[in-house]
Amino acid sequence: MERQCEEEVQRTNEAEVLEMALTAVLSGNGLVVHDWTVHTTKSKSQERIQPFLPILRKTVCYIVAALIFNEKGEVLMIQEAKPDCRGLWYLPAGHLEPGEQLTDGLRREVLEETGLECQPITLLCVESRTPKWLRFSFIAKHTGGIMKTPAEADKDSLQAAWWDHRNKLPLRAPDVLPLVQAGLAYRETPHHPPTLPTTISNTLICHRLIFVCTARGRLCVLTRCHKPGDCYLPVIPCKSHENLISPICSFLRSCLHNKNEESHLIKVLGTLGVQHMPGIAGMSDGICFNTLVTLEEPGTTTDVEPLTICDEMLRWQFLEDKDLCQHLENRITQSTVVPFNL
């Protein structure tokens, strides 16, 4: 009986710790990454994840782009000065420099290319070719400065101007068009709360998994436990050559054991927040995405048992806090997250 009571107290403590972590992540705050999760089974088909060290200008490239609108719904554009695209138009954007925070890099690029000062409002989306190339597009507001004219043309840009996207303009690349549309849609109806990066250092580019399922009519979250009482949200490092979310899908497929695996579709909804602290030049400059994941389970009911996990260090933790559960359910059903555009 005494042992049973101790186990019950331990489970209660673990639930409380997990719920505190989830509350922090859902509110836009981050959590320090103490360790990352790797495969623990011995199957030949499950290779150990080999993370790479992200170093700006050497192994990774982070781009920041600004979507700044005026009261007419026109978007701020710059005319390129670079020889290969001189005279064409694009959003204010550029490479993050070593030692810069994402929002600081955004302000610098906007000022250099347009002459205007700005205040970031929210991250709109994260685009990725591979984890080696990431673009962070922000909605920002104009707060001061003087618009650059052709008389102030320099190596950064020839001029800046407001653009009505319904009018033709010679663009450097058409990829700005869906970004402008997404920015206008967000201004009309925000689909996620204002989300800006939190300043927390990370060694790698990784995902903290908030993997949520419904079982026994309740929400449960996947956790990783080193030992009893020491459970946390799994952290999955990215590989340099893969799609940004591929490691999540690979990891979960390796951990979940179900006779009818095809009926379960892993759904990566997006990120609840981004953690980044600039590293010293030449040192690691990692990013952690607090990524919300769930399952699409056609034909199943909410009173079934959680899916079986074939990794002894992972387990499901049921949530008790009703307000937290409601908040999490809303974020899932309404997909109120910053999307990954791959």
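Above this text sits the structure in question.
In short, a report on the structure. (Residues numbered from 1 in each chain as written. Predicted model: local features only at pLDDT ≥ 70, side-chain atom pairs only at ≥ 80, totals over all residues. Heavy atoms only, no water.)

1. Focus on the overall build of the protein chain
As a reminder of what qualifies: Secondary structure elements are taken from DSSP: a helix is a run of H or I of four residues or more, a strand is a run of E of two residues or more, and numbering for both begins at the N terminus. Classification of residues uses two cut-offs on accessible area relative to the type maximum, computed with a 1.4 Å probe and protein chains only: under 20% is buried, over 50% is exposed, and between them is partly exposed. Contact definition: two residues touch when any of their heavy atoms are within 4.5 Å. Here the accessible surface of atoms and residues is derived via Shrake-Rupley with a 1.4 Å probe, and residues count as covered only by protein chains that are part of the display.
When its secondary structure is counted, the protein chain shows five helices and 17 strands. A total of 342 residues make up the protein chain; the buried ones form 53% of that total. Of the contacts made within the protein chain by residues no fewer than 6 positions apart, 75% connect residues no fewer than 24 positions apart. About 16800 Å² of surface is accessible on the protein chain, with carbon and sulfur atoms providing 52% of the total.

2. With respect to helix α3 (residues 176-188)
Structural remark: α-helix, 3.6 residues per turn; residues separated by three or four positions point the same way. Which entries qualify depends on this criterion: By definition here, a helix of n residues has an expected span of 1.5 Å times n minus one. Directions drawn from the helix axis to the C-beta atoms are what define this arc.
With 13 residues, α3 should reach 18 Å at 1.5 Å per residue; the first-to-last C-alpha distance of 18 Å fits that figure. Buried within α3 are the following residues: Val176, Leu179, Val180, Gly183, Leu184 and Tyr186. End-on view of α3: buried residues confined to an arc of 160 degrees, all on one side of the axis. Opposite the buried face of α3, at more than 90 degrees from it, the exposed residues are Pro178 and Glu188. Check the buried side of α3 and you find it contacts β1 (61-68), β2 (75-79), β3 (89-90), β5 (116-130) and β6 (133-145).

3. Remarks on unusual backbone geometry
The general pattern is negative phi for most residues beyond glycine and trans for most peptide bonds. Of note, the phi angle at Arg57 is positive, near 70 degrees, even though the residue is not glycine. Along the chain, Arg57 falls in the loop between α1 (2-26) and β1. Phi at Ser335 takes a positive value of approximately 50 degrees, unusual for a residue other than glycine. Summarising the element assignment, Ser335 is placed in the loop between α5 (322-333) and β17 (340-341).

4. Some remarks on the pairing of β5
To keep it simple, the criterion reads: Strand pairing requires that DSSP identify at least two bridges connecting the strands.
Bridge count between β5 and β6: 12 bridges; the pairing is antiparallel. Within the sheet, the bridge partner assigned to Pro120 lies in β6 and is Ala140. With two bridges connecting them, β5 and β17 associate as parallel partners. Looking at β17, one finds that Glu127 is bridged to Asn341.

5. Overview of the nonpolar core
Let me state the cut-off plainly: The nonpolar core is taken to be a set of buried Ala, Val, Leu, Ile, Met, Phe, Trp, Tyr and Cys residues, with the residues joined through side-chain atoms within 4.5 Å.
In this structure, Tyr62, Phe136, Ile205, Phe211, Leu252, Phe289 and Trp316 are the most contacted members of the largest nonpolar core, which totals 53 residues. In contact with Trp316, not counting residues within four places along its chain, are Phe211, Cys213, Cys220, Val221, Leu222, Leu256, Pro306, Leu307 and Ile309. One finds Ala65, Met77, Trp89 and Leu171 within the second-largest nonpolar core, a separate group that totals 19 residues.

6. Looking at the pattern of salt bridges
The condition that has to hold: By definition, a salt bridge exists where a carboxyl oxygen of Asp or Glu is found within 4 Å of a side-chain nitrogen of Lys or Arg.
All told, the structure shown has 13 salt bridges when counted by the stated rule. Among the ionic pairs, Arg57 bridges to Glu97, the shortest N-O distance being 2.9 Å. Of the two residues, Arg57 sits in the loop between α1 and β1 while Glu97 sits in the loop between β4 (93-95) and α2 (102-114), which places them 40 residues apart along the sequence. Note that Glu80 is salt-bridged to Arg172, the shortest N-O span being 2.7 Å. With Glu80 in the loop between β2 and β3 and Arg172 in the loop between β7 (159-163) and α3, the pair connects residues that are 92 residues apart, well separated along the chain.

7. Description of the side chain of Asn202
Put simply, the test is: A 3.5 Å cut-off defines polar contacts: any pair of N or O atoms within that distance qualifies, except that in protein one atom must be a possible hydrogen donor and the other a possible acceptor, and neighbouring residues in sequence count only when both atoms are side-chain atoms.
Looking at where Asn202 falls in the secondary structure, it is placed in the loop between α3 and β8 (205-215). Exposure remark for Asn202: the relative accessible area of 7% places this residue in the buried category. Of the polar contacts made by the side chain of Asn202, one reaches the backbone oxygen of Gln275; its length is 3.0 Å. Every residue in contact with Asn202, bar those within four places of it in the chain, is listed here: Val33, Gln275, His276, Ser284, Asp285, Gly286, Ile287 and Cys288.

8. Looking at the sheet that holds β1
What counts here: To get an axis, fit a line to the C-alpha atoms, keeping to the stretch in contact for a helix; angles then go from 0 to 180 degrees between the N-to-C directions.
Pairing in this open sheet of five strands is mixed, and the strands run β4-β1-β6-β5-β17 from one edge to the other. Every other strand in the sheet has two partners, leaving β4 and β17 as the edge strands with one partner each. Running over the sheet, α3 touches β1, β5 and β6 and is turned about 125 degrees from β5.

9. A closer look at helix α4 (residues 246-255)
For α4, a buried count of seven out of 10 residues is recorded, marking the element as mostly surrounded by other parts of the structure. Buried within α4 we find Pro247, Ile248, Cys249, Phe251, Leu252, Ser254 and Cys255.

10. Structural notes on the state of the cysteines
Rules: What counts as a disulfide here is a pair of cysteine sulfur atoms lying within 2.5 Å.
Enumeration according to the criterion identifies one disulfide in this entry. In this model Cys225 forms its disulfide with Cys231; the gap between the sulfur atoms is 2.0 Å. Between Cys225 and Cys231, the S-S dihedral sits near 105 degrees, and the bridge is therefore right-handed. Side by side, Cys225 and Cys231 carry an identical accessibility label, which is buried. Here Cys238 stays unpaired: no disulfide links it, and the sulfur of Cys206, its closest cysteine neighbor, is 7.1 Å away.

11. Topic: the sheet that holds β7
Pairing in this open sheet of three strands is antiparallel, and the strands run β3-β2-β7 from one edge to the other. Where the open sheet ends on each side, the last strands, each with one partner, are β3 and β7. Where β2 lies against β7, five bridges are found, and the strand directions are antiparallel. Among the inter-strand pairings, Leu76 is bridged to a residue of β7, identified as Trp162.

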